Amino acid sequence: MRILAIETTDRVASVALLTRDGVYERIIDSGLRHAQTLMTAVDELLKQSGTCLEQVDAFAVDVGPGSFTGVRIGVTTANALAFANGKKVVAVSSTEALARPFIGEERCCAAIIDAKNGNCYAALYRGGDCLTEANAFVTEDFLKGLPSCCILTGSGAADGAMPTAKNVALCACGREGADEVVPLYLRPSQAERLWKER
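Structural notes on the overall build of the protein chain
Right, so step 1: Of regular secondary structure, the protein chain possesses six helices and nine strands.
Right, so step 2: Here the C-alpha radius of gyration of the protein chain, 17 Å, is about what a compact globule of 198 residues would show, namely 16 Å.
Right, so step 3: Here the protein chain, with 198 residues, has 44% of them falling under the buried criterion.
Right, so step 4: Counting contacts in the protein chain only where the partners sit at least 6 residues apart, residues at least 24 apart contribute 63% of the total.

Considering the pattern of salt bridges
Right, so step 1: By the definition in use, this model includes seven salt bridges.
Right, so step 2: Arg26 is the salt-bridge partner of Glu44, the closest N and O atoms lying 3.1 Å from each other. Of this pair, Glu44 sits in helix 1 (residues 34–49) while Arg26 sits in strand 3 (residues 22–28); the two residues are 18 residues apart in sequence, bridging distant segments of the chain.
Right, so step 3: Judged by relative accessible area, which is 34%, Glu44 ranks as partly exposed.
Right, so step 4: Judged by its relative accessible area of 29%, Arg26 falls in the partly exposed class.
Right, so step 5: Between Glu105 and Arg107 there is a salt bridge; the shortest N-O distance is 3.9 Å.

Section: helix 1
Right, so step 1: The end-to-end C-alpha distance of helix 1, which contains 16 residues, comes to 22 Å, matching closely the 22 Å that a straight helix rising 1.5 Å per residue would cover.
Right, so step 2: Turning to helix 1, its buried residues are His34, Thr37, Leu38, Ala41, Val42, Leu45, Leu46 and Ser49.
Right, so step 3: Where helix 1 is buried, its residues touch strand 1 (3–7), strand 2 (13–19), strand 3 and helix 2 (68–85).
Right, so step 4: Positioned one or two residues after helix 1, Gly50 has a phi angle of 70°, which is positive.

Quick word on the sheet that holds strand 7 (residues 119–126)
Note: strands within a sheet are paired through backbone hydrogen bonds, in either parallel or antiparallel orientation.
Right, so step 1: With respect to topology, four strands assemble into an open sheet ordered 8-7-6-9, the strand pairing being mixed. The open sheet has two edge strands with one neighbour each: strand 8 (129–138) and strand 9 (151–153). Across the sheet, the axes of successive neighbouring strands diverge by a mean angle of 20°, strand direction being ignored.
Right, so step 2: Summarising the sheet, strand 6 (residues 109–114) and strand 7 pair through six bridges and their orientation is antiparallel. Bridge assignment links Cys109 to a residue of strand 7, and that residue is Tyr125.

Considering unusual backbone geometry
Right, so step 1: Omega for the peptide link from Gly64 to Pro65 comes to 5°, which places this bond in the cis form.
Right, so step 2: Relative to the assigned elements, Pro65 resides in the loop between strand 4 (58–62) and helix 2.
Right, so step 3: For Lys116, which is not glycine, the phi dihedral falls at a positive 70°.
Right, so step 4: Along the chain, Lys116 falls in the loop between strand 6 and strand 7.

Notes on the sheet that holds strand 3
Right, so step 1: One open sheet accounts for five strands, arranged 3-2-1-4-5; its pairing is mixed. The open sheet is flanked by strand 3 and strand 5 (88–92), the only strands paired with a single partner. Direction aside, neighbouring strands of the sheet carry axes that sit 20° apart on average.
Right, so step 2: For strand 2 and strand 3, the ladder comprises seven bridges, and the chain directions are antiparallel.

Let's talk about the layout of surface pockets
Right, so step 1: Reported here for the second largest pocket is a volume of approximately 160 Å³.
Right, so step 2: Around the second largest pocket, the lining residues are Glu96, Ala99, Arg100, Ile103, Tyr125, Gly127, Gly128, Cys130, Cys171 and Arg175.
Right, so step 3: The class makeup of the residues in the lining of the second largest pocket is five nonpolar, two polar and three charged.

Things to note about empty space enclosed by the protein
Right, so step 1: As enumerated under the stated definition, the model contains one cavity of 30 Å³ or more in all.
Right, so step 2: If you add up the space inside the largest cavity, you get close to 30 Å³.
Right, so step 3: If you go around the largest cavity, the residues you meet are Pro65, Gly66, Phe68, Tyr121, Leu184, Tyr185, Leu186 and Arg187.
Right, so step 4: Each residue belonging to the lining of the largest cavity can be placed in one class, and the counts come to six nonpolar, one polar and one charged.

Scoring rules and cut-offs
- For every chain, the first residue of its written sequence is number 1, and the numbers climb from 1 along that sequence.
- Side-chain atom pairs in this predicted model are given and counted only at pLDDT of 80 or more, local residue features only at pLDDT of at least 70, and totals for whole chains, interfaces and linings cover all residues.
- Heavy atoms from the whole structure form the basis of all side-chain values; hydrogens and water molecules are not counted.
- The helix and strand labels rest on DSSP assignments: H or I over at least four residues marks a helix, E over at least two residues marks a strand, and numbering proceeds from the N terminus.
- Just to be clear, the radius of gyration here is over C-alpha atoms, and the globule rule we use is 2.2 Å times residues to the power 0.38.
- Each residue is placed in one exposure class: buried if its accessible area under a 1.4 Å probe, protein chains only, is under 20% of its type's maximum, exposed if it is over 50%, and partly exposed if it falls in between.
- Note on definitions: a residue-residue contact is assigned when non-hydrogen atoms from the two residues lie within 4.5 Å.
- What makes a salt bridge here is a side-chain nitrogen of Lys or Arg within 4 Å of a carboxyl oxygen of Asp or Glu, nothing more.
- Expected span, for any helix, means 1.5 Å times one less than how many residues it has.
- Here the rule is simple: two strands pair whenever DSSP picks up at least two bridges between them.
- In this analysis an axis means a line fitted to C-alpha atoms, helices contributing only their contacting stretch, and an angle means the value between N-to-C directions, from 0 to 180 degrees.
- Cavities and pockets were defined on a 1 Å grid built over protein atoms only: a cavity is a set of grid points that admits a 1.4 Å probe from which the probe cannot escape, a pocket is an open set flanked by protein on both sides within 12 Å along at least five of seven lines, and lining residues are those with an atom within 4 Å of any such point.
- Grid points are joined across faces, edges and corners, and a volume is the space filled by probe spheres set on the points.
- Under this grouping Gly is polar, as are all residues other than the nonpolar Ala, Val, Leu, Ile, Met, Phe, Trp, Tyr, Cys and Pro and the charged Asp, Glu, Lys and Arg.

In structure tokens:
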């Protein structure tokens, strides 16, 4: 099965194509807006892998949490590509994509995304299991509640890791998709908060 994955929730975006021969990936770190670079990267990825869009079996996308605008761009693009090609789309969370490289570890893995001002989006995993669903936390409170020897990863951790399209594709492999997916917003956007404060 060929899965085309999109990751746009952070500063550096990426696209990946999972095939039976391996994973092709393109990192987008041009300084331009994701909306300006995403489809060009998809085209380049397909050429690199010798694949045409009609040969893609399913699409996958990081639905968040993360940058509100970035999440919206990725989800909208994945839904549009799936609809145009009559295929399904699989939703993967940012925290799950962050934890994917540690799936073979016996220790817990806390995926932590910096949400600024002492806040974070985070979830806790062990192996392939989600122990704590992604949610919004005060960073200090979340860290205090973690088990000892826990692996920390993400923009809210020391390693500063970002989710990648490759890991989105790996998470999506074997899952049943939907006709469309929706963003995972765990708190109101800054614009919404400022509007309420008026």
